[in-house]
Amino acid sequence: MHPNPDTLGAARTLIDETDREIIRLLARRFDAVRSVAQAKATDGDRPILDNDRERGVLAAWLRDAEALGLSAPFTRRVLKEILSHSRRLQEPLVEGSPASARRITVGYQGVPGSHSSLAAAHLLATRSVRGADLRGYALFQDVVEALQAGTLDYAFLPIENSIGGAIADVNRLLIDNTLHIVDEEVWEVDQVLAGLPGAALDQVRTVRSHPAALVQCEGYLRGLEEVVRQPWFDTAGAAESLLEDRDPAIAAICSEEAARARGLDVLATGIADQERNETRFLLIAREPEGPDPRVPAKTSLVFRLNHHEGTLARALGILSAAGANLTRIESRPLPATPWEYLFFVDVEGNQASPHLARALKELRSACNHLRVLGSYPHRARGAEPAMEQVPAVLEPPAPLSCAVEPEPAPPRPGRVRVNVGPIQVGEGAFVLMAGPCAVESRDQILEGARMVRAAGAAILRGGAFKPRTSPYAFQGLGLEGVALLKEAGRETGMPTVTEILTQEDIPDVAPHVDMLQVGARNMHNFALLKELGRLDKPILLKRGMSATLKEFLLAAEYILAGGNQRVILCERGIRTFETATRATLDLSAVPVLKRMTHLPVIVDPSHAAGERELVVPLALAAAAAGADGLIVEAHPWPETALCDKAQALTREDMAALAAGLRPILASQGRAW
Ligand SMILES: C=C(O[C@@H]1C=C(C(=O)O)C=C[C@H]1O)C(=O)O
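Residues numbered from 1 in each chain as written. Predicted model: local features only at pLDDT ≥ 70, side-chain atom pairs only at ≥ 80, totals over all residues. Heavy atoms only, no water.

> Please set out unusual backbone geometry residue by residue, giving values where relevant.
Of note, Arg246 is a non-glycine position whose phi angle comes to about 50°, a positive value. Mapped onto the elements, Arg246 comes out in the loop between α9 (235–245) and β9 (250–254). One non-glycine residue with positive phi stands out, namely Asp644, at about 50°. (Helix = DSSP H or I, 4+ residues; strand = E, 2+ residues; numbered from the N terminus.)

Put into structure tokens, the structure is as follows:
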């Protein structure tokens with residue numbers, strides 16, 4: 001069927017207009033990204049990569065894309081490119097002042113238009129340099145010699161290709177010379193077949209190119225009739241040679257830029273065997289250049305091991321124990337001692353960071369010889385944490401996004417603050433949340449709200465759906481309870497929090513409260529957590545009765561991974577051998593969680609204690625331990641309470657709690 005030319009023309013006009021709009025919007029987005037970079041440059045602690053923010057951005061994209069019928073993998077791919085470019089744009093702005101910039105000379109193998117020269121120009125555009133002179137050389141070795149001789153400031157060499165694998169010569173040059181890797185570039189290699197102007201594809205009998213390019217296009221070449229593959233020193237060099245030979249039967253595999261710059265015809269595009277054909281390049285210098293600690297970094301190592309059983313496993317174990325994610329491992333035989341190997345390993349992280357420095361020190365003592373080839377910005381992010389980390393979180397080899405290594409103190413940019421209505425939880429403020437275990441009646445919740453407000457509570461709690469151990473116990477008023485809680489909150493000017501038991505209730509409950517609580521029994525209800533991850537509503541997540549802190553954080557991760565970054569963690573007592581209290585309040589969880597995560601941490605002493613007399617002392621201890629807040633149960637008439645009456649605080653208890661909290665918080669310089 002032939003398309004109607006009118007419709008076709010109109011549709012293409014629409015496409016052109018849309019494309020112009022896309023470009024305009026991208027430029028606008030990148031302007032905003034530059035402003036973010038300026039803000040980060042003034043706030044010296046803010047890293048360029050902000051995983052939480054990226055997760056949020058991704059979640060928003062996916063939500064909008066789904067609503068408009070766009071596929072999720074496509075959406076992810078587009079956003080991945082945009083985010084990676086956004087981060088790069090920020091580097092020169094955050095890293096250094098333009099005053100420090102200078103003009104540099106960079107050597108590569110090949111001639112202008114080669115993939116090396118294109119990739120080098122791309123990388124250099126993101127560095128703080130006034131300008132760069134690119135110089136092409138015939139051999140990798142020539143580039144390195146020019147660098148060593150001081151003719152060049154940097155060498156720019158390919159180290160591996162996603163189809164062809166490692167580039168052995170460059171690996172060898174790295175070990176034979178004391179050089180330092182200072183940056184990397186991952187370049188999408190787009191190969192075309194170029195011929196003389198007017199040449200036809202079926203005339204072609206010889207295809208010349210760099211051997212790596214011939215290998216990458218072998219499937220395509222096999223489909224052409226009887227062509228001879230002719231290795232050439234460079235792809236763009238092969239293109240250039242066509243002009244000298246002037247034989248239409250000879251074609252070259254090269255970049256489209258190399259072909260066009262020489263006035264050649266492009267006979268075929270996208271001819272590599274794999275759709276994704278990427279080459280990783282290294283920027284190499286005579287001296288090391290530690291990357292800015294705010295830039296996500298990678299460290300390259302090379303080591304030799306004694307020829308004993310288990311030495312490699314031990315060496316890798318040291319890196320794994322330090323939480324250092326390996327992005328590459330390769331071995332190369334040692335020519336002087338047959339069957340002994342050198343190992344090339346890349347790990348995520350900066351050698352200047354204390355945890356990696358410690359691991360490298362240990363690794364050095366477990367190896368025969370270890371050399372750090374350099375720490376440099378991590379650009380080869382095949383698995384973008386914010387984009388593809390979700391499955392890894394279930395079996396966490398890498399640090400959790402809501403958690404950072406327990407040691408040393410996290411280099412995170414401040415702590416996260418979660419807004420519950422107008423109230424801010426976290427970042428130094430202290431918030432008291434209080435109210436009855438269950439909403440029982442309008443009078444009870446209204447009176448309870450006034451009572452806790454008078455004692456300094458800022459957020460009103462009240463259960464409407466109660467998870468009771470016994471099915472015969474009071475189960476809560478359900479949606480009627482939610483409505484009463486909302487009314488009481490409005491009446492007393494407090495945002496509200498209530499527990500949610502199943503994802504089915506979310507649409508009915510979420511719009512009427514300011515925060516949803518996941519109780520201890522539901523901490524492992526991943527279907528519920530996932531659903532809450534899609535909401536734009538803070539979540540108060542309680543620790544399960546038998547959950548370790550790591551499991552607790554993984555539960556939080558379910559919510560964060562869905563895009564909802566507003567999670568408050570709550571320690572509420574765990575099961576131990578001790579029976580004197582209902583649960584054992586694990587106060588060590590407060591400082592430990594604060595070391596492990598950036599999320600606010602509050603404490604629920606009521607459920608841990610199980611009896612009124614213990615609640616106030618435990619609450620005060622929690623504040624002293626640094627909790628960002630408390631959630632306590634209180635009742636205007638505890639003797640009539642339908643649930644948990646033994647632990648409900650009275651009006652007097654609330655007053656005593658407030659009186660006890662003031663001096664503790666004042667001594668910590670915290671506002672209340
Ligand atoms: C622009 C920022 O920097 C980075 C880029 C982001 C983006 O392009 O949306 C988001 C988070 C950061 O990793 C930012 O922090 O907001």
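> Give a description of the sheet that holds strand β7 (residues 206–209) that names residues and reports values.
Spatial ordering of the open sheet is given by β8-β7-β9-β6-β10, a layout of five strands whose pairing is mixed. Among the strands making up the open sheet, the edge pair consists of β8 (228–231) and β10 (265–269). Taking each pair of neighbouring strands and ignoring which way they run, the sheet shows an average axis angle of 30°. Looking at chain direction, strand β6 (residues 192–195) and β9 are connected through three bridges and run antiparallel. In the strand pairing of β9, Leu193 is matched with Ile253. (Pairing = 2+ DSSP bridges. Axes fitted to C-alpha atoms, helices over the stretch in contact; angles between N-to-C directions.)

> I'd like a rundown of the pairing of strand β3 (residues 154–161), residues and numbers included.
Most of β3 is tucked away: seven of the eight residues are buried. Bridge count for strand β1 (residues 102–109) against β3 is three bridges, and the pairing is parallel. Its bridge partner lying in β3, Val106 is registered against Tyr154. Where β3 and strand β11 (residues 278–285) come together, six bridges link them in antiparallel fashion. Considered in β11, the bridge of Phe156 is made with Leu283. As judged from the two bridges shared by β3 and strand β4 (residues 165–166), these two strands associate in the antiparallel manner. From the neighbouring strand, Asn161 faces β4, where its bridge partner is Gly165. (Buried < 20%, exposed > 50% of the residue type's maximum accessible area, 1.4 Å probe, protein only.)

> An account of a negative patch on the surface is needed here, citing residue identities and associated values.
On the surface, a cluster of negative charge is made up of Glu81, Glu188, Asp190, Glu257 and Glu275. Here Glu275 shows up in the loop between β10 and β11. Overall, the relative accessible area of 71% leaves Glu275 in the exposed class. (Patch = residues over 30% accessible without salt bridge, like charges linked within 9 Å, V, L, I, M, F, W, Y side chains within 5 Å. Areas by Shrake-Rupley, 256 points an atom, 1.4 Å probe, with all protein chains shown as cover. Salt bridge = Lys/Arg side-chain N within 4 Å of Asp/Glu carboxyl O. Lys, Arg positive; Asp, Glu negative; His and termini not counted. Charge placed at Lys NZ, Arg CZ, Asp CG, Glu CD.)

> Lay out the site of the ligand in plain terms, naming residues and giving numbers.
The immediate surroundings of the ligand are formed by Arg29, Val36, Lys40, Ile48, Leu49, Asp50, Arg53, Glu54, Leu83, Ser86 and Gln90. The separation between an oxygen atom of the ligand and a polar side-chain atom of Glu54 is 2.5 Å. Contact with the protein chains covers 93% of the free accessible surface of the ligand, which is 360 Å². Residue composition of the shell around the ligand, grouped by class: four nonpolar, two polar and five charged. (Near = heavy atom within 4 Å. Polar contact = N/O pair within 3.5 Å; in protein donor to acceptor, adjacent residues only side chain to side chain. Nonpolar A, V, L, I, M, F, W, Y, C, P; charged D, E, K, R; others polar.)

> Pulling in residues and values, what's your account of the nonpolar core?
Formed by 69 residues in total, the largest nonpolar core has its most connected members in Leu541, Leu569, Leu630, Met654 and Leu657. Considering every element that reaches this core, the biggest residue donor is helix α19 (residues 549–561), with eight residues. Beyond its immediate sequence surroundings of up to four residues, Leu541 is in contact with Val518, Met523, Leu529, Phe552, Ala555, Ala556, Ile559, Val567, Ile568, Leu569 and Cys570. Counting residues in hydrophobic clusters, the runner-up holds 23 residues, among them Leu147, Ala155, Leu179 and Phe344. (Core = buried A, V, L, I, M, F, W, Y, C linked by side-chain atoms within 4.5 Å. Contact = heavy atoms within 4.5 Å.)

> Go over the environment of Arg53 with me, naming the residues and quoting the values.
Residue placement: Arg53 occurs in helix α2 (residues 51–67). The class for Arg53 is exposed, based on a relative accessible area of 56%. When the C-alpha atoms of Arg53 and Pro291 are compared, they prove to be 22 Å apart, with 238 residues separating the residues in sequence.

> So what's going on with the packing of helix α22 (residues 612–624) against helix α23 (residues 651–667)? Which residues, and what values?
For the pair α22 and α23, interaxial distance at closest approach is 9 Å and the crossing angle is 20°. Judged by the inter-axis angle, α22 sits roughly parallel to α23. Every pair of crossing elements has a handedness; the one defined by α22 and α23 is right-handed. Note on element contacts: α23 touches α22 through Asp653, Leu657, Gly660, Leu661, Ile664 and Leu665, opposite Arg612, Val616, Ala619, Leu620, Ala623 and Ala624. Across the contact of α22 with α23, the residue classes break down as nine nonpolar, one polar and two charged. (Parallel < 35°, antiparallel > 145°, perpendicular 65-115°, else oblique. Left-handed = near helix turned anticlockwise from the far one by under 90°.)

> Describe the environment of Ala634, listing the residues and the values that go with them.
Of note, Ala634 is situated in the loop between β25 (629–633) and α23. Assessed through its relative accessible area of 2%, Ala634 is described here as buried. Along the primary structure Ala634 and Gly462 are separated by 172 residues, whereas in three dimensions their C-alpha atoms are 9.7 Å apart. Leave out the neighbours within four places in its chain, and Ala634 touches Gly435, Pro436, Met451, Val452, Ala648, Leu649 and Met654.

> Tell me about the packing of aromatic side chains, and name the residues and values.
Under the criterion given, the structure shown has four aromatic pairs. Look at Phe156 and Phe281: their rings are 4.9 Å apart centre to centre, the planes differ by 10°, and that puts the pair in the stacked class. Here Phe156 is found in strand β3, whereas its partner Phe281 is found in strand β11, with 125 residues between them in sequence. Like Phe156, the residue Phe281 is buried in the burial classification. The lysine or arginine in question, Arg208, covers the ring of Trp232, its NZ or CZ lying 4.0 Å from the ring centre. (Phe/Tyr/Trp six-rings, centres within 6.5 Å; stacked < 30°, edge-to-face > 60°. Lys NZ or Arg CZ within 6 Å of the ring centre and 35° of its normal.)

> Hey, could you go over the pattern of salt bridges for me, with residue numbers and the actual values?
Applying the stated criterion across every chain, the model contains 31 salt bridges. Where Asp31 meets Arg34, a salt bridge forms, and the shortest distance between an N and an O atom there is 2.9 Å. Of the two residues, Asp31 and Arg34 both sit in helix α1 (residues 5–42), three residues apart, roughly one turn of that helix. For Arg34, a relative accessible area of 33% corresponds to the partly exposed category. Notably, a salt bridge pairs Glu571 with Arg543, separated by 2.7 Å at the nearest N-O pair. Placement of the pair is Glu571 in strand β23 (residues 567–571) and Arg543 in the loop between β22 (539–542) and α19, with a sequence separation of 28 residues. The exposure class of Glu571 is buried, given its relative accessible area of 0%. If you follow the salt bridges from partner to partner, you end up with Glu160, Glu184, Arg280, Lys298, Arg328, Glu330 and Asp346 in one network.

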